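The residues making up each chain are set out below.
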Amino acid sequence: MKITLNTVAVALLPLLLASCGGENSSAPSAQRMAMHAPVPAQHDANEYRPLIEQIFLVYSGLPPAVADMGRLSQAFQKQGLPVSALEWLTAYPHNDAVKQALDEIFNRQEVQLNFLGNDNTFVNSVYRRVFGRNAEAAGVAYWAGFLKSGQLTRPQLALLLSLCGQNDDALAATNKLAVLHKLYTLIDEGGRILQSLYSGNDERAVQLIDAVDAHTDIASYQDKVRHYVDSLGSLGGAVTAVRRYYGYSNQEDSIAYGAKYLYSERAVPITPSAGTVVFGATPQSVSWTRNLSTDIWNYTAPVSNSVAMIIMSARFHDSPKFVGYAIPDIAMLCQGTADKPASDVLIPSQATPVISAIDLAGIITGSHFENCTQQGSQQRLEFDSAGNLFLYGADGRTSYTAAQVSAALVGKNLTDPSDGKGLMLRAYRLPKVNTSTMVYVFVTQHAGTLGLWSSEPAE
């Protein structure tokens, strides 16, 4: 008999629930529960609220919008779905409605931007989201193994890990869920105006929940939640806005991670002159300031140098005078020493990935940066009318066929013939402000060196 993925997942789940609990946990009782498939029952729509809040805590770190809660709870009720996370995990492999519902929430763009990266990075991101800490190396390897083997999907594993907390981890997850519940309740009870003011783009709400840990006094912390909700109704009040990015590092593999710029934004637009940026496969937060007269960006340590490109910014605002309003569309952040440099490139989530060489036909780059230093004009990428690539580097020209380029754009690295090492290539396009022109941006990685290329000449 052929063993299917669903069969494997069903057989694994009791073992996983037991192993994530440890010897002194309540996992054995969870194991017994997991052995029984849920029996469809008619539940009140409100009974789904705790489940939905838990899913949103794990996937987005924020409570759902009130309208989203209503839509999802009514849909789950109509389909007769179970009401607990444990039952959903048990049903996921064989219940198409449960799988579709969980995958749909997980595959939202705002959720995916929380979990960019490889399987190891994903596991650590879930730990940080739910338990507020980095995972141990052994735990990362153990859980990522189920993803690499295809025995579990990311939506499954993320929800499963939220049930696996022990001791302080369990308390942290419980406290975060309590704060999320309080925040949602206050917004729900605040009426339509308050509900319309709540935005998942306000990073203060994310930070409010992220700051909760095992030792948080929930009773007193509710004052902070109320203060945040009250601030939503303040006319012209500031919110912490966030812009999200795909990040690439010269010190990690070629799979992108999630990054974000944070800054204060008011109802009356003003150019942000300070904020923070969170970047790196292991996230680090760095403060930045901006000289509005010279448009020079400065970052605190460990960032020692940077490159900022403004391409599409004014598309987010009503007037061309706000061209410099937004934070960088493209950023390169550099740190480390001359003999051991480290660099990251951030590409905005609004950029469109290019996955076919023919879509790059005729493109020639006009600028190239490595370690935040502009390289000579002789170093460039040229694509002919068929999408074949000619890479002009310090050592001469290297050619790649369109088929090789297309494969590289979706993850199969090119090979540098000079040393036989892999050459990563990623491409994105962005609309240039106030024109119909598309700007093409490329990220390369070879032998520990990250390259940023643009079809626009350097300013």
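This structure is a prediction, so every number in the text was calculated from the model and none was measured. (Residues numbered from 1 in each chain as written. Predicted model: local features only at pLDDT ≥ 70, side-chain atom pairs only at ≥ 80, totals over all residues. Heavy atoms only, no water.)

### A closer look at the overall build of the protein chain
Right, so step 1: The number of helices and strands found in the protein chain is 15 helices and 18 strands.
Right, so step 2: Put simply, the protein chain has 459 residues, and 50% of those count as buried.
Right, so step 3: When contacts within the protein chain are restricted to residue pairs at least 6 apart in sequence, long-range pairs at least 24 apart make up 60% of them.
Right, so step 4: When the accessible area of the protein chain is evaluated, it comes to approximately 21,100 Å², of which 51% is carbon and sulfur surface. (Helix = DSSP H or I, 4+ residues; strand = E, 2+ residues; numbered from the N terminus. Buried < 20%, exposed > 50% of the residue type's maximum accessible area, 1.4 Å probe, protein only. Contact = heavy atoms within 4.5 Å. Areas by Shrake-Rupley, 256 points an atom, 1.4 Å probe, with all protein chains shown as cover.)

### Some points on the packing of aromatic side chains
Right, so step 1: Applying the stated rule across the entire model yields 15 aromatic pairs.
Right, so step 2: Geometrically, the ring pair formed by Tyr142 and Phe146 is edge-to-face, given 5.2 Å between the ring centres and 85 degrees between the ring planes. Highlighted residues: Tyr142 and Phe146, both in helix α9 (residues 137-148), separated by 4 residues, approximately one helical turn.
Right, so step 3: The exposure class of Tyr142 is partly exposed, given its relative accessible area of 35%.
Right, so step 4: With a relative accessible area of 11%, Phe146 lands in the buried category. (Phe/Tyr/Trp six-rings, centres within 6.5 Å; stacked < 30°, edge-to-face > 60°.)

### A short note on the nonpolar core
Right, so step 1: If you look at the biggest cluster of nonpolar residues, it comprises 66 residues, and the most contacted ones within it are Tyr59, Trp88, Phe122, Val123, Trp143 and Leu157.
Right, so step 2: When neighbours within four sequence positions are excluded, Val123 is seen to be in contact with Gly139, Val140, Trp143, Ala144, Leu147, Leu157 and Leu161.
Right, so step 3: Of all hydrophobic cores here, the second largest spans 25 residues; its members include Leu113, Leu116, Tyr246 and Leu450. (Core = buried A, V, L, I, M, F, W, Y, C linked by side-chain atoms within 4.5 Å.)

### Thoughts on the sheet that holds strand β13 (residues 389-393)
Right, so step 1: Overall, antiparallel pairing links the 3 strands, which are arranged β12-β13-β14 in an open sheet. Each edge of the sheet is formed by a strand with only one pairing partner; in this case those strands are β12 (380-383) and β14 (396-400). The average angle at which neighbouring strand axes cross in this sheet is 20 degrees, direction not considered.
Right, so step 2: In this sheet, β13 lies alongside β12 in antiparallel orientation, the contact comprising 4 bridges. Bridging across to β13, Glu382 finds its partner in Phe390. (Pairing = 2+ DSSP bridges. Axes fitted to C-alpha atoms, helices over the stretch in contact; angles between N-to-C directions.)

### A few points about the packing of helix α8 (residues 119-130) against α9
Right, so step 1: At their nearest, the axes of α8 and α9 sit 8 Å apart, and the two run at 120 degrees to each other. In terms of axis orientation, α8 runs oblique to α9. Crossing handedness for the pair α8 and α9: right-handed. Note on element contacts: α9 touches α8 through Gly139, Val140, Trp143, Ala144, Leu147 and Lys148, opposite Asp119, Asn120, Phe122, Val123 and Tyr127. (Parallel < 35°, antiparallel > 145°, perpendicular 65-115°, else oblique. Left-handed = near helix turned anticlockwise from the far one by under 90°.)

### Description of the pattern of salt bridges
Pairing between side chains becomes possible if they bear opposite charge and their charged atoms approach one another.
Right, so step 1: Taken as a whole and assessed by the stated rule, the structure comprises 13 salt bridges.
Right, so step 2: A salt bridge links Arg243 to Asp329, with the shortest nitrogen-to-oxygen separation between them at 2.9 Å. Of this pair, Arg243 sits in strand β1 (residues 239-249) while Asp329 sits in the loop between β6 (305-309) and β7 (330-336), and the two are 86 residues apart along the sequence.
Right, so step 3: Overall, Arg243 belongs to the buried group, its relative accessible area being 6%.
Right, so step 4: Asp329 sits in the buried class, given a relative accessible area of 0%.
Right, so step 5: One continuous salt-bridge network, built from bridges that share partners, spans Asp68, Arg71, Glu104 and Arg108. (Salt bridge = Lys/Arg side-chain N within 4 Å of Asp/Glu carboxyl O.)

### So, the side chain of Asp344
Right, so step 1: Here Asp344 shows up in strand β8 (residues 341-348).
Right, so step 2: The buried charged residue Asp344 lacks any salt bridge, with Lys340 as its nearest oppositely charged partner at 14 Å.
Right, so step 3: In this structure the side chain of Asp344 is engaged in a polar contact, spanning 2.5 Å, whose partner is the side chain of Tyr257.
Right, so step 4: Contacts of Asp344, omitting those with residues within four sequence positions, involve Tyr248, Ser249, Tyr257, Phe279, Gly280, Ala331, Met332, Leu333, Gln335 and Leu450. (Lys, Arg positive; Asp, Glu negative; His and termini not counted. Polar contact = N/O pair within 3.5 Å; in protein donor to acceptor, adjacent residues only side chain to side chain.)

### Overview of the state of the cysteines
Right, so step 1: With the rule as written, the count across this model stands at 1 disulfide.
Right, so step 2: The disulfide that involves Cys334 links it to Cys372, with 2.1 Å between the sulfurs. Residues Cys334 and Cys372 are joined by a disulfide whose S-S torsion is about 95 degrees; by sign, that bridge is right-handed. Residue Cys334 is found in strand β7, and its partner Cys372 is found in the loop between β10 (367-370) and β11 (373-374); the two are separated by 38 residues along the sequence.
Right, so step 3: Given a relative accessible area of 4%, Cys334 falls into the buried group. (Disulfide = S-S within 2.5 Å.)

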